[in-house]
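Chain and residue survey
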Amino acid sequence: MNWKLTDNKNWDSLEQQFRWVQDMNFVMQHHLHHEEGSVAVHTRMVLEALQQQPEYRALPAQEQEILWTAALLHDVEKRSTSVDEGNGIITSKGHARRGEYTARTILYRDIPTPFHIRENIAALVRYHGLPVWIMERENPVKKLCEASLRVDTRLLKMLAVADIQGRICKDKPALMEAAELFEMLCREQDCWGKTRSFATGHARFQYFQAEDGYIDYIPHDNFRCEVILLSGLPGMGKDHYIRTLPQDIPVISLDAIRRKYKVSPTDKVANGRVVQEAKEEARNYLRKQQGFVWNATNTSKQMRSQLIDLFITYGARVKIVYIEKPYEVWRKQNREREFMVPEAVLDAMLGKLEIPQLGEAHEVVYSA
């Protein structure tokens, strides 16, 4: 059975079902780029434009639902990012990034959604403006390849076209031309409707880590050991995953170090010392070319990249394992933990969760 956000897609019904749809009525937009008015008016027009596209109507039902939901959510966080600068000039910098977090939270907590469907929708929300602005990016090819690891570029262009058609503005022809150039670039880079492929996980990792890496370079695999970097919100089952591994693999656990010194997770100064002790323990293993597991939440890309930089300095192959359980199971597991995390803290962490992506490490595994 296909997943659906809702069976009733009438706009009035959507406003009754979802508070975040109601909110769109009270968010105005830049008077030149969106003469049509509020985010609600724009979003309705986008949905109508999307459903009129022949390419959309030709999609399988599940892909239609994914794309329709992304269109409904694409500007959801203009409500939190819009700034009125006067004279009808309204900016909403960062609304796509924050919209990704909101889409993920809604489709995880409020409307249980299969992991791969949820992440497709979240990525469409995140990258919905890319087809229009990609040529203005510092490295458009790398940005395109990054997006292709997460989202079907055909669907992304359909969303962008609907976003353009669902507005009133004078530069619409130029925006449509930009969307066509996006498709041309996708075809040129062999990622139109598919993920940009790399010869090996190491080749992919090297390309995204290097400032000006050659996209088809194939580095030699000469790893000295493997580090498993766990990622997941507290109470998701990282310790259970570790018990499935061979018993001789060392584990570096930040929680264990905190408990040894009776450090509170909210004590920033003491936690800095905890992390430094864990890193020194990691260095000792790396010098001996001994693989290990790094057991911590690692829920942001910045957290993970700092650790990965350390591990690869010693020639380690890095495998990220992201662990997730359904929302109700997660909360139940947290309540049953010996060291339960306050639910308000979990909610805050969920709202900022950054799922590990394929370009971050030599291998990324999703246990969800």
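For clarity, every value in this text was computed on a predicted model and none was experimentally measured.

A few points about the overall build of the protein
When helices and strands are tallied, the protein shows 19 helices and seven strands. Taking 21 Å as the expected radius of gyration for a compact globule of 368 residues, we find that the protein reaches 22 Å, a close match to that expectation. Taking the principal axes of the C-alpha coordinates as reference, the protein spans close to 65 × 45 × 45 Å. Buried residues in the protein amount to 52% of all 368 residues. Summarising the internal contacts of the protein: among those between residues at least 6 apart in sequence, 70% fall at separations of at least 24. Accessible surface for the protein amounts to roughly 18400 Å². Of this, 50% is attributable to carbon and sulfur atoms. With 50 positive and 50 negative side-chain charges, the protein shows a spacing of 5 Å between the two charge centroids.

As for the sheet that holds strand 7 (residues 363-367)
Strand order in this open sheet of five strands is 4-5-3-6-7, and the pairing throughout is parallel. Each having just a single partner strand, strand 4 (251-253) and strand 7 make up the two edges of the open sheet. With strand direction ignored, the average angle separating the axes of adjacent strands in the sheet is 20 degrees. Two strands pair when backbone bridges link them, and strand 6 (residues 316-323) and strand 7 are joined in this way by five bridges, in the parallel orientation. Bridge assignment links K319 to a residue of strand 7, and that residue is E363. Packed onto the sheet, helix 16 (residues 268-287) meets strand 3 (225-231), strand 4, strand 5 (292-295) and strand 6 and runs at close to 170 degrees relative to strand 5.

Re the UniProt feature "domain: HD" (unreviewed entry) in the protein
Within this structure's numbering, the places UniProt gives as "domain: HD" (unreviewed entry) are residues 41-163. This span, residues 41-163, is 70% helix and 3% strand, and a straight line between its end C-alpha atoms measures 12 Å.

Let's talk about helix 16
Here helix 16 is 20 residues long and its end C-alpha atoms lie 28 Å apart, about the 28 Å a rise of 1.5 Å per residue gives. Every buried residue of helix 16 is listed here: A270, N271, V274, A278, K279, A282, Y285 and L286. Buried residues belonging to helix 16 abut strand 3, strand 4, helix 15 (254-261), strand 5, helix 17 (301-313) and strand 6. Directly after helix 16, the chain includes Q289, whose backbone phi takes a positive value near 60 degrees.

Some words on the environment of D163
Position of D163 relative to the elements: it lies in helix 11 (residues 153-165). For D163, a relative accessible area of 9% translates into the label buried. Considering only alpha carbons, one finds D163 and A49, 114 residues apart in sequence, at a separation of 8.0 Å. Leave out the neighbours within four places in its chain, and D163 touches H42, V46, H74 and H128. A polar contact is formed between the side chain of D163 and the side chain of H42, at a distance of 2.8 Å.

A short note on the domain arrangement of the protein
The domains assigned to the protein are domain 1 (11-189) and domain 2 (225-366). In this complex, domain 1 contributes 11 residues to the contact, which on the side of domain 2 involves 16 residues. Note on domain 1 versus domain 2: buried area summed over both sides is about 1200 Å², and carbon and sulfur give 60% of it. Taken together, the connections running from domain 1 to domain 2 amount to two salt bridges. With a closest N to O distance of 2.7 Å, R118 and E324 form a salt bridge. Where domain 1 packs against domain 2, one counts six residue pairs in polar contact (both at pLDDT 80 or more). Contributing elements (two or more residues each) for the side of domain 1 that touches domain 2: helix 7 (95-110) and helix 8 (115-127). A per-element tally of the side of domain 1 that touches domain 2 places helix 7 first, with six residues. In the side of domain 1 that touches domain 2, the residues fall into four nonpolar, one polar and six charged.

Definitions and limits used
- Residues numbered from 1 in each chain as written.
- Predicted model: local features only at pLDDT ≥ 70, side-chain atom pairs only at ≥ 80, totals over all residues.
- Heavy atoms only, no water.
- Helix = DSSP H or I, 4+ residues; strand = E, 2+ residues; numbered from the N terminus.
- Rg over C-alpha atoms; globule rule 2.2 N^0.38 Å.
- Buried < 20%, exposed > 50% of the residue type's maximum accessible area, 1.4 Å probe, protein only.
- Contact = heavy atoms within 4.5 Å.
- Areas by Shrake-Rupley, 256 points an atom, 1.4 Å probe, with all protein chains shown as cover.
- Lys, Arg positive; Asp, Glu negative; His and termini not counted.
- Charge placed at Lys NZ, Arg CZ, Asp CG, Glu CD.
- Pairing = 2+ DSSP bridges.
- Axes fitted to C-alpha atoms, helices over the stretch in contact; angles between N-to-C directions.
- UniProt positions renumbered as here; feature names shortened; annotations may be inferred.
- Expected span 1.5 Å × (residues − 1).
- Polar contact = N/O pair within 3.5 Å; in protein donor to acceptor, adjacent residues only side chain to side chain.
- Domains from an automatic or database assignment.
- Buried area = accessible area lost by both parts, 1.4 Å probe.
- Salt bridge = Lys/Arg side-chain N within 4 Å of Asp/Glu carboxyl O.
- Nonpolar A, V, L, I, M, F, W, Y, C, P; charged D, E, K, R; others polar.

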